[in-house]
Each structure stands twice: as structure tokens, then as C-alpha cells.
Amino acid sequence: MKDSLNNQINIGTGISVIGDSISIIAPSLTIKAATIAAPSSVKIYSNASGIEIGRFALQAIGDEITVRDITLTNYAGLGVNDFTKLVSGTNIKLVNVADGTQVSATVTMSGTTAIKLTGMSIRVPKDTTSNLKVLVDTQGSLNDSFTGGINANLTLNIAIPSASSSSSSSITVGSYTTTKLYSVSVVPPTVTLVKKNANTFL
């Protein structure tokens, strides 16, 4: 492409041309509400495998953005103040909502109040949105820690301390607090079977 003076213009990532004006758009990443709704259930039960505790979306503008690290904390009032009493070990997964693939990450507890996912390579294509959900395995018993609803609420805050693009080695992202409130229930759901005949239960 050439300008009005016949000078060659190379159009790269994050650059747009209107007439003789060139605009360079700095790449950015926004954490926001998931564009695919979460399940209706808001209860977190004991001895559960892969139960969802929150979801969010990442929107890349101006360039493909790579996310390396994510930190999860609890924002809810009367909230869970010790993740080690809720989560079984470090059995925490970050999963792409669109295709169900798990993000490869190293999971560590930062004290008892934060979960860190590091060593990732989440690539969000330019000018697109990716939805992610957080799944955990819960402790076999939650009675001692959460009976009576004490410190049982959970609303995730997502912070991204490390992100980059091809044109920027460090992108400041900030944080986002999800809007869905979950609560720990010490009584898991039960299913009652009614015998219809000798071989059939409903």
C-alpha cells in the first residue's frame, strides 16, 4: 500500500489506514463476563469431581494475546477464606468452554486465600473472545469447615499478572470479579429410586 506521496506503507498488526492517516492500536486484553452462560446450579458439594466454581471471558484487541499466569481469589462477602478446606489438593482445572479442552497449567496455593495457575500459554486470537471455566475437585467432607453457612460463599476474582503479544512483551490487564455467587453446601444432592418392578427402578 502507498500513501498520497507514493511512499510504501507496510500494514502490520494493530495498524489501520484511513485516507492518509495511520492509526496504531495498542494490543489489549479485557477480562469480562463469559458470553456463554454458566449452569444454573450455584451449590458446591463435598466429594465432587470437576464442579464449576466460576467462568469468565478473555477478549483480545489489536493482536493475538498470550496469557501466562492467572490468580484466583474470593471476592464474596462471608466468603470461603481458606481454599485448602474446600479444594482437594490442587485439583483445579481451567477449561475452554467452547471445546472442553483443559489448559495446561501448574497449580499452586498461595497461602490459603489465592490459587495461582502459572506456566500457561492461552492464546486469544486477535479481536476474538475466549470463554474459560474453573473446575475443582472438592474435599471428601465439608462439614467441619462450612456447617451453618459460615464463610461459605464464593465469587471469583480473576487477575492476570502476565500477558504478552507479538508486538508487546508485557500487557497490563488488571482484574475482573465474576457476577455469579456460589455457596458451599455440606449436604450433597441425592437421587431417590422408586421400584417399578423387579427389574426396573425410576
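Residues numbered from 1 in each chain as written. Predicted model: local features only at pLDDT ≥ 70, side-chain atom pairs only at ≥ 80, totals over all residues. Heavy atoms only, no water.

A. Layout of the environment of Thr 177. Here Thr 177 shows up in strand S14 (residues 174-177). With a relative accessible area of 23%, Thr 177 lands in the partly exposed category. Once residues within four sequence positions are removed from consideration, Thr 177 is found in contact with Tyr 75, Thr 155, Leu 156 and Asn 157. Of note is the side chain of Thr 177, whose polar atom sits 2.8 Å from the side chain of Asn 157. (Helix = DSSP H or I, 4+ residues; strand = E, 2+ residues; numbered from the N terminus. Buried < 20%, exposed > 50% of the residue type's maximum accessible area, 1.4 Å probe, protein only. Contact = heavy atoms within 4.5 Å. Polar contact = N/O pair within 3.5 Å; in protein donor to acceptor, adjacent residues only side chain to side chain.)

B. A look at the sheet that holds strand S4 (residues 43-44). What the three strands build is an open sheet, ordered S4-S15-S12; its pairing is mixed. The open sheet terminates on both sides in strands that have one partner only, identified here as S4 and strand S12 (153-154). In this sheet, strand S15 (residues 182-184) lies alongside S12 in antiparallel orientation, the contact comprising two bridges. Paired with Leu 154 across the bridge in S15 is Tyr 182. (Pairing = 2+ DSSP bridges.)

C. Region of the structure containing the sheet that holds strand S3 (residues 28-32). Here we have four strands laid out as an open sheet, ordered S3-S5-S11-S7, and antiparallel in their pairing. Because the sheet does not close on itself, it has two edges, and the strands there are S3 and strand S7 (87-96). Averaged over all pairs of adjacent strands, the angle between their axes in this sheet comes to 25°, without regard to strand direction. (Axes fitted to C-alpha atoms, helices over the stretch in contact; angles between N-to-C directions.)

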